[in-house]
Amino acid sequence: MAGITFKNVVKTYDNGVTVVPNLNLEIKDKEFVVLVGPSGCGKSTTLRMIAGLESISDGELYIGDQLMNAVAPKNRNIAMVFQNYALYPHLSVYKNMTFALELAKVPKDEMNRKVKWAAEILGLEPYLDRKPKALSGGQRQRVALGRAMVRDPEVFLLDEPLSNLDAKLRTEMRSQISKLHKRLGTTFVYVTHDQTEAMTMGDRICVMKDGIIQQFDTPQNLYDYPCNLFVAGFIGSPQMNFIDAEVKKAEGGYKLCFGEAEVTVDKDLAAYEGKTVICGIRPEDLHAEKQFFGEGNMIDAYIDLDEMMGSESYLYLKYAGQKMIARVPARYAKKAEENISLAIDAEKVHLFDKDTEKAI
């Protein structure tokens, strides 16, 4: 069993700066968990505490049932894959993969078996005699993964391993790492600032800000039910539109009023009647195909900029003095400096308290 548990963990550096004030987190055995958030949110520090590369100022860290606070990194049975690969440039791929095994005095036959197994899974068999400089970025990252695999760790830690790769390679490596997790059946903890990586790879995602967990849930629940303004803005690309809207009573419910728009929502907003709330609308929930949504809940917005993305377009809009983004099929898109009528999918509108920024 290789679940990971943080109990009231604090990390304060010698200069008195606390980057993780009170972390409580439980990662299940064999789970793929992604730690995500902006730079400086504490996600890499959290990963390094699991690895033992950062000491814990207070609290308790368990891997399985064992308290790890005072256990040296080499005795934790974890393997870490870094952003910069950290390969030995003077050693072959084979030697890079067996380096830790040689230090552990693993028999040669067993080393060969493990390297052959890892190389076959990762497609590295033709490159075992090459030096890292003769490999592409994606191949080097696979070598780093292979070096971790041959150690049979209980936990894989991956610290932004794809950030140095180009877009095509990142997509390819995302799927390879996901397949690897399923094949190995090992606990994976993955750090990234890229929410696309988080959404496509993680069983659960831990969204962090200033060392504090904002929400820890499945990708779909984070997308559909963000708990606050920060999570709503962080998850989704392009990010959610946030608009100040006044709540008014309507027949059979309540409506959100901003500019000339009156969006009727099926929510009990009695406590907010006459007040201003933050209305969150994802770009994909602004529809140019208004015939599917009727003529209600419409806005007529000015297009400030249009970005053609192939099958779809991102339209940067101005409406009622507020900026918005719409993500529409290319066939419905219009050009900059034109107006466009868009229907708001009222069933998918998110509402947030203006003072607390929590979801309503």
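Residues numbered from 1 in each chain as written. Predicted model: local features only at pLDDT ≥ 70, side-chain atom pairs only at ≥ 80, totals over all residues. Heavy atoms only, no water.

**Remarks on the pattern of salt bridges**
Part 1 of the reasoning: Following the criterion strictly, the structure yields 11 salt bridges and no others.
Part 2 of the reasoning: In this structure, the salt-bridge partner of Asp-244 is Lys-354, at a minimum N-O distance of 3.1 Å. Separated by 110 residues along the polypeptide, Asp-244 in strand β11 (residues 241-250) and Lys-354 in the segment after β20 (350-352) bring together distant segments of the chain.
Part 3 of the reasoning: Judged by relative accessible area, which is 36%, Asp-244 ranks as partly exposed.
Part 4 of the reasoning: Given the relative accessible area of 39%, Lys-354 is considered partly exposed.
Part 5 of the reasoning: Note that Glu-262 is salt-bridged to Lys-255, the shortest N-O span being 3.3 Å.
Part 6 of the reasoning: On the basis of relative accessible area, Glu-262 is assigned to the partly exposed category, the value being 45%. (Salt bridge = Lys/Arg side-chain N within 4 Å of Asp/Glu carboxyl O. Helix = DSSP H or I, 4+ residues; strand = E, 2+ residues; numbered from the N terminus. Buried < 20%, exposed > 50% of the residue type's maximum accessible area, 1.4 Å probe, protein only.)

**Comments concerning the nonpolar core**
Part 1 of the reasoning: Membership of the largest hydrophobic core comes to 45 residues, with the highest contact counts inside it found for Met-97, Leu-145, Leu-158, Ile-177, Tyr-190 and Val-207.
Part 2 of the reasoning: What Tyr-190 contacts, discounting residues up to four positions off in sequence, is Phe-32, Val-33, Val-34, Leu-35, Leu-158, Pro-161, Leu-162, Ile-177, Glu-197 and Met-201.
Part 3 of the reasoning: Residues Leu-256, Val-263, Val-328 and Val-349 belong to the second largest nonpolar core, which totals 31 residues. (Core = buried A, V, L, I, M, F, W, Y, C linked by side-chain atoms within 4.5 Å. Contact = heavy atoms within 4.5 Å.)

**Remarks on the packing of aromatic side chains**
Part 1 of the reasoning: Counted by the stated rule, this structure contains seven aromatic pairs.
Part 2 of the reasoning: Summarising the aromatic geometry, the rings of Phe-156 and Phe-188 are spaced 4.7 Å apart at their centres and angled 25 degrees between planes, so their arrangement reads as stacked. Remark: Phe-188 occurs in strand β8 (residues 187-192) and Phe-156 occurs in strand β7 (residues 155-159); sequence separation between them is 32 residues.
Part 3 of the reasoning: We classify Phe-156 as buried; its relative accessible area is 1%.
Part 4 of the reasoning: Owing to a relative accessible area of 0%, Phe-188 belongs among the buried residues under this scheme.
Part 5 of the reasoning: Members of the aromatic cluster, connected to one another through ring pairs, are Phe-32, Phe-156, Phe-188 and Tyr-190.
Part 6 of the reasoning: A cation over a ring is seen here: Lys-249 above Tyr-254, with NZ or CZ 4.8 Å from the ring centre.
Part 7 of the reasoning: Sitting over the ring of Tyr-223, Arg-282 keeps its end group 4.1 Å from the ring centre. (Phe/Tyr/Trp six-rings, centres within 6.5 Å; stacked < 30°, edge-to-face > 60°. Lys NZ or Arg CZ within 6 Å of the ring centre and 35° of its normal.)

**Observations concerning the domain arrangement of the chain**
Part 1 of the reasoning: When cut into domains, the chain gives domain 1 (4-234) and domain 2 (241-352).
Part 2 of the reasoning: Counting from both sides, the interface comprises eight residues of domain 1 and, opposite them, six residues of domain 2.
Part 3 of the reasoning: Between domain 1 and domain 2, a total of about 620 Å² is buried, with carbon and sulfur atoms accounting for 64% of that surface.
Part 4 of the reasoning: Its largest share of buried area at the contact with domain 2, domain 1 owes to Tyr-223, Leu-229 and Ala-232, together 73% of the area lost on that side.
Part 5 of the reasoning: Across the domain 1-domain 2 interface, the total number found is zero salt bridges.
Part 6 of the reasoning: Between domain 1 and domain 2 we count two residue pairs in polar contact (both at pLDDT 80 or more) in total.
Part 7 of the reasoning: Contributions of two or more residues to the side of domain 1 that touches domain 2 are made by α7 (219-224) and α8 (229-234). (Domains from an automatic or database assignment. Buried area = accessible area lost by both parts, 1.4 Å probe. Polar contact = N/O pair within 3.5 Å; in protein donor to acceptor, adjacent residues only side chain to side chain.)

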